[in-house]
Amino acid sequence: MQNKTKYLVTAALPTANNYIHIGHLVGSYLTPDIYVRYRKLKNDDVIFISGSDEYGTAIEMAALSQNVTPKEIIDRYHFSNKKAFEEIGIEFDIFSRTSNEIHHKTAQEFFLNLYNKNILVQKTEKQLFSNKEQRFLADRYVIGTCPVCGYEEARGDECPNCGSNLSPLELINPRSKITGDTPVVKEATHFYFPLEKYQEKLSEWIFSKTNWKQNVINYCKGWFKAGLRDRAITRDLDWGVKVPLEGYDGKVIYVWVEAPVGYISATKELFIERNQPHKWKEYWQGENTKLIHFLGKDNVVFHAIIFPAMLMAHGDFILPDNIPANEFLNIKGEKLSKSKDNGILVKDIVKKFDPDVIRYTLTSILPENKDSEFEMKDLQIRNNSELAAILGNFINRTVVFTKTKFENKIPERGELETADKEVLNFVKSQSVLISEHLDNFKFRDALFEAMNVARAANKYFNDSEPWKLIKDNKKRCETVINICLEICHSIAILMSPFIPFTADKILKTLNKDKSDLKWDKAGEFVLKAGTELGNNEILFPQIEDKQINEAVNTEEQTDVKTVVPENVISIDDFKKVNLKVAKVIECEAVPKSKKLLKLKLKVGDSEKQIVSGISEHYKPEDLIGKLIVVVDNLKPSKLMGIDSHGMLLAAKQNGELKIVTIDGEIDTGAEVS
RNA sequence: GCCGGGAUAGCUCAGCUGGUUAGAGCGUCGGAAUCAUAAUCCGUAGGUCGGGGGUUCAAGUCCCUCUCCCGGUACCA
């Protein structure tokens, strides 16, 4: 039986403890979406699978720290992220979630399969247990004194002060990060997956791949070189998929083994929805299926090594055909990744910019081979000088010409001249070239070549000069415009994987349904002469500087996450600054100055005078009696001839300024640290 | 510390196993055109390929070394 190739495309399961940001989007979701849309245009048999990863310590901790149930956490982020994906046009066949019953069942079956084959190994280890919380504490969530440097807020996995790698058992005075409870040492038995045994098989398999991206191969090489280690695959937690064995109450399957099984569960769920409950097997067990995992580089080890090893051990499923992992997207030097929770959220940016403009921009700077840089201004540049100027303009000039010169009806096409044939051949050959790029996961190149169709179309329009033909050779003019309109349709086809919303708009303008929106129809004639065109709209309005500035500013304001500043200092550096509490006893404006106030302060037993540039924000009488914070040992200076022996602290933002005051009563001269 | 990756035109990036004058897009500058969102089309200028050393007839491309950036991993026990 010769079966047609099936494509099973997965996108990394986003953890439902955070809103997805454009780093996630570019790393794991945009490229598979483009790929799948392209496959569908080619009439390939493809399904696109993803869903929320809803277990793991991160979610439990998010729930504890926000004082809500884990269920509330996962619901919030699952539905929000699902919506964000829809808004940006990521069109999954199914976006499931690992809290679904079918996933529990599937993951447990998987576990039992390995257990029954005696593949799993049991080991006993010492761990920290909180009696108060009635659970074992994850490494990151234990705090204590670092045995190396004495820093009191060291974490169980590492010390942020001296950089030492630690284990929670080494911490002096360990305590739970969440409740502060002092944990006790307790033995715990866990199942391990013997990854070490699979190293040879895995490396043979991976090194046999000739079409994998070099960065992915390199990551694997690194792991192999270090030697694979057995990994625990159970945890003592409530929140997760239960270990399906008697006598193992309170144990769940560790998220890194359970989550990837979610791809299988979601596929089952999809075909139950489609009333073909057994069809999932054709994808996961069929020889002719290409399983393709899309993800960011942080996920390579799970998809290229751990999950394949599990699949090998299980034996009933196919292995991935390719893992086209992306690198990271940086934002003006800031790092974006799953582990560092900061960035521009998808749910926010779709409210400020056309989703297709975002998709286009991100695709054109995709971190395919190495980390790449993004800034808001890129959206403006890509929109104004590429989408609007080249693509939008071609559609618009063609449609407007038809409207004003041909009563908005598609003109008849006469005999073709060389230029006509050339441009049509070019469109056709580009469709082949773009195909090749997409087949090889070269999305930037593919998009660039798609854009070249619009460039060529503009040139054809220019060279043909229909605005002159209309005066002395109407027949010829009709042919040219007919062809331009046909090219508009071809552009809709070739661009639709990248900017699907725009493709739809173009079809509407052409008054055309989707029946010819097929890859093979690019460069072909599909329009009917005489058809009246639909409404014309400007596809890509200019993005003004103002919009960019506003977007950048609101981004900074909404970003409440922890960001590591650029110039970190040691605590010793900080201690060089003497901060003290001071009381304002006198205060007056400095004459003729614009912003200066002269303040007399009581600091402990002494008085001091400082000059501060805050009169636009505070009146002298507002300040008298207030307890504020001053830098006591600042080098004295003169401002408008007045001595200043320090400075007060104040917060400033967008022209607003608020001074730092003391909450409650304390003696002046008290040190601030 | 160790392993891996990166450093190429003003900006964002391509450059496979070493081989003619190092490429693209955007931006710059000049010209053409005026149907079109002052958009298009044609042309121009721009780089000691992070520094230094080496191999070779020939190196952005291989080797050594240094600097800076990014990942991973370890030093603890």
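Residues numbered from 1 in each chain as written. Chains lettered and ligands numbered in written order. Predicted model: local features only at pLDDT ≥ 70, side-chain atom pairs only at ≥ 80, totals over all residues. Heavy atoms only, no water.

### Examining the domain arrangement of chain A
By domain assignment, chain A separates into domain 1 (6–111 + 257–335), domain 2 (117–236), domain 3 (374–521) and domain 4 (571–659). In this structure, domain 2 and domain 3 have C-alpha centres spaced 54 Å apart. (Domains from an automatic or database assignment.)

### Some words on the packing of helix H13 (residues 418–439) against helix H16 (residues 474–495)
Contact geometry of H13 with H16 gives a least axis separation of 11 Å together with a crossing angle of 5°. In terms of orientation, H13 lies roughly parallel with respect to H16. Contacts from Asp-420, Val-423, Leu-424, Val-427, Ser-431 and Ile-434 in H13 reach Arg-476, Thr-479, Ile-483, Ile-487, Ser-490 and Leu-494 in H16. Classifying every residue of the contact of H13 with H16 gives 7 nonpolar, 3 polar and 2 charged. (Axes fitted to C-alpha atoms, helices over the stretch in contact; angles between N-to-C directions. Helix = DSSP H or I, 4+ residues; strand = E, 2+ residues; numbered from the N terminus. Parallel < 35°, antiparallel > 145°, perpendicular 65-115°, else oblique. Contact = heavy atoms within 4.5 Å. Nonpolar A, V, L, I, M, F, W, Y, C, P; charged D, E, K, R; others polar.)

### Comments concerning the sheet that holds strand E10 (residues 231–232)
Through backbone hydrogen bonds, the strands of a sheet pair up, either in parallel or in antiparallel fashion. Strand order in the open sheet formed by 4 strands is E5-E4-E9-E10, and the pairing between neighbours is antiparallel. Edge strands, defined here as strands with exactly one partner in the open sheet, are strand E5 (135–136) and E10. Pairing of strand E4 (residues 121–130) with strand E9 (residues 184–193) involves 9 bridges; the strand directions are antiparallel. Pairing of Leu-128 across the sheet is with Val-185, part of E9. (Pairing = 2+ DSSP bridges.)

### Observations concerning the environment of Lys-197
With respect to the helices, strands and loops of the structure, Lys-197 is situated in the loop between E9 and helix H5 (199–207). Here Lys-197 falls in the exposed class, since its relative accessible area comes to 68%. Spatially, the C-alpha atoms of Lys-197 and Glu-133 are 37 Å apart, while their sequence positions differ by 64 residues. (Buried < 20%, exposed > 50% of the residue type's maximum accessible area, 1.4 Å probe, protein only.)

### Thoughts on the pattern of salt bridges
Applying the stated criterion across every chain yields a total of 31 salt bridges. For the salt bridge of Asp-44 with Arg-39, the shortest nitrogen-to-oxygen distance reads 2.8 Å. On the basis of relative accessibility, which here comes to 5%, the residue Arg-39 falls in the buried class. With its nearest N and O atoms 3.1 Å apart, the salt bridge here joins Asp-371 to Lys-297. Taken together, the residues span a long stretch of sequence, with Asp-371 in the loop between helix H11 (355–364) and strand E15 (372–374) and Lys-297 in the loop between strand E13 (289–294) and helix H9 (300–314) at a distance of 74 residues. Residue classification places Asp-371 among the partly exposed positions, given a relative accessible area of 27%. The class of Lys-297 is buried, set by a relative accessible area of 17%. Each member of the salt-bridge network shares a partner with another, and the members are Asp-33, Arg-37, Glu-91 and Arg-359. (Salt bridge = Lys/Arg side-chain N within 4 Å of Asp/Glu carboxyl O.)

### Re the protein's contact with RNA strand B
Neighbouring RNA strand B are 38 residues, the closest being Glu-170, Arg-397, Phe-461, Asn-462 and Phe-540. In RNA strand B, atoms within 4 Å of the protein come from the sugar-phosphate backbone in 74% of cases. A distance of 3.1 Å separates a phosphate oxygen of RNA strand B from a polar atom in the side chain of Lys-370. Within the side chain of Arg-397, a nitrogen or oxygen atom sits 2.5 Å from a base nitrogen of RNA strand B. The leading source of residues in the surface near RNA strand B is helix H12 (residues 376–405), at 11 residues. (Near = heavy atom within 4 Å. Polar contact = N/O pair within 3.5 Å; in protein donor to acceptor, adjacent residues only side chain to side chain.)

### Here we look at the sheet that holds strand E3 (residues 94–97)
Ordered by their spatial adjacency, 4 strands build an open sheet running E3-E2-E1-E13, and the pairing between neighbours is parallel. At either margin of the open sheet sits one strand with a lone partner, and together these are E3 and E13. This sheet shows a mean twist of 25° between the axes of neighbouring strands, independent of strand direction. By the bridge criterion, 4 bridges tie strand E2 (residues 45–52) to E3 in an arrangement that is parallel. Residue Ser-50 lies in a different strand from E3, and its bridge partner there is Phe-95.

### Some remarks on helix H17 (residues 500–510)
Of all the residues in H17, the buried ones are Pro-500, Thr-502, Ala-503, Ile-506, Leu-507, Thr-509 and Leu-510. Where H17 is buried, its residues contact helix H1 (22–41), H11, H12 and H16. Residue Asn-511 follows H17 closely and has a positive phi angle near 60°.

### Concerning H16
Across its 22 residues, H16 extends 31 Å between first and last C-alpha, which sits within 8% of the 32 Å expected from 1.5 Å per residue. Most of H16 is tucked away: 20 of the 22 residues are buried. (Expected span 1.5 Å × (residues − 1).)

### Things to note about the packing of aromatic side chains
A full pass over the atoms with the stated rule returns 29 aromatic pairs. Taking the centre distance of 6.1 Å and the plane angle of 10° together, the rings of Phe-110 and Phe-317 count as stacked. Taken together, the positions of Phe-110 in helix H4 (residues 101–116) and Phe-317 in the loop between H9 and strand E14 (329–331) put the pair 207 residues apart, joining distant regions of the chain. On the basis of relative accessible area, Phe-317 is assigned to the buried category, the value being 13%. An aromatic cluster of at least three residues, connected via ring pairs, comprises Tyr-7, Tyr-35, Phe-294, Phe-441 and Phe-443. Cation over ring: Lys-268 sits above Trp-280, and NZ or CZ is 4.9 Å from the ring centre. (Phe/Tyr/Trp six-rings, centres within 6.5 Å; stacked < 30°, edge-to-face > 60°. Lys NZ or Arg CZ within 6 Å of the ring centre and 35° of its normal.)

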